[in-house]
Amino acid sequence: MKKIISRGFLGIPLGITISNILALVISVIAGDGEYYPYVPALAVSVSGSLNAAVLQTVLSGVLGAVFGAASLIWEKESWSLVKQSAVYFFIVAAAMLPIAYITGWMEHSVTGFLIYMTIFAAIFLIVWLIQYFRWKAKVKRLNSELK
C-alpha cells in the first residue's frame with residue numbers, strides 16, 4: 001500500500017506536466033497564436049476560465065496518480081505479461097475515459113467515445129510495443145554478456 005501511495009504522489013506532477021505540454025503542442029498546431037490550456041467548452045460548463053484551468057489541472061494530477069500507482073502492476077512477476085497488460089490497460093482506461101469526458105477531451109457522443117477509445121488503445125499499444133522491444137533487446141544483451 002505504501003508503494004501505491006508513493007507512486008501515486010509521484011505521478012501527480014507528471015500528469016500535470018504532460019497535460020501542460022499537450023496544451024502547448026495543441027496550441028502550436030492550431031497555429032493562430034493563441035494558447036489553449038483547456039477545451040473552450042470546459043470553461044463554459046464550469047463558469048469560467050479559472051475554474052476550467054483548476055479542474056483540468058486537478059484531473060490531470062489524478063490521472064498522473066492513477067498511471068503512477070498502476071505502474072506497480074508491471075512488478076507483479078507472478079502475473080503473465082498478458083494479465084499485467086490487460087489489468088493495467090483497464091485501470092488506466094477506467095480513469096482516463098471519465099476524465100476525458102469531464103474535461104471535454106472527447107466529444108460527448110457514442111462516436112466521440114469510440115474515437116477516443118480507439119486513439120487511447122492505439123497509443124497504449126504503440127507505447128507497449130516500444131517498451132516490449134526495448135526490454136527484449138535489453139534481455140538479449142544481458143544474456144549475451146553472461147555467456
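Please read these numbers as outputs of a predicted model, since none were measured by experiment. Every chain's residues receive numbers from 1 upward, in the order its sequence appears when written. For a predicted model such as this one, the threshold for reporting local features is a pLDDT of at least 70, and the threshold for listing and counting side-chain atom pairs is 80 or more; totals across whole chains, interfaces and linings nevertheless cover every residue. To get the side-chain values, all heavy atoms of the structure are used, and hydrogens and water are removed first.

## Overview of the overall build of the protein chain
To qualify as a helix, a DSSP run of H or I must reach at least 4 residues; to qualify as a strand, a run of E must reach at least 2; elements of each kind are numbered from the N terminus. For the protein chain, the helix and strand inventory stands at five helices and zero strands. Each helix and strand of the protein chain, ordered N terminal to C terminal, gives the series α-α-α-α-α. In terms of overall dimensions, the protein chain has a C-alpha envelope of 65 × 35 × 30 Å along the principal axes. The buried share among the 147 residues of the protein chain stands at 27%. Counting contacts in the protein chain only where the partners sit at least 6 residues apart, residues at least 24 apart contribute 52% of the total. Methods summary: accessible areas were calculated by the Shrake-Rupley approach with a probe of 1.4 Å, and residue burial reflects only the protein chains presented. Looking at the protein chain as shown, the accessible area adds up to about 10,000 Å², and 73% of this sits on carbon and sulfur atoms. Charged-residue counts in this description rest on Lys and Arg as positive and Asp and Glu as negative, His and the chain ends being excluded. All charge positions are set by atom: Lys at NZ, Arg at CZ, Asp at CG, Glu at CD. Averaging the locations of the 11 positively and 6 negatively charged side chains of the protein chain gives two centres separated by 19 Å. Each residue's exposure class comes from its accessible area (1.4 Å probe, protein chains only) as a fraction of the maximum for that residue type: buried when under 20%, exposed when over 50%, partly exposed otherwise. In what follows, a contact means two residues having at least one pair of non-hydrogen atoms within 4.5 Å.

## Points about the confidence of the model for the protein chain
pLDDT is a per-residue confidence score from the predictor, ranging from 0 to 100. Mean pLDDT over the protein chain works out to 94, with 100% of the residues at or above the 70 mark. Summarising per-element confidence for the protein chain, the mean pLDDT is lowest in helix α2 (residues 40-45) (92) and highest in helix α3 (residues 49-70) (96).

## Regarding the environment of Phe 90
Assignment of secondary structure puts Phe 90 in helix α4 (residues 81-103). Sequence separation between Phe 90 and Leu 14 is 76 residues; the distance between their C-alpha atoms is 20 Å.

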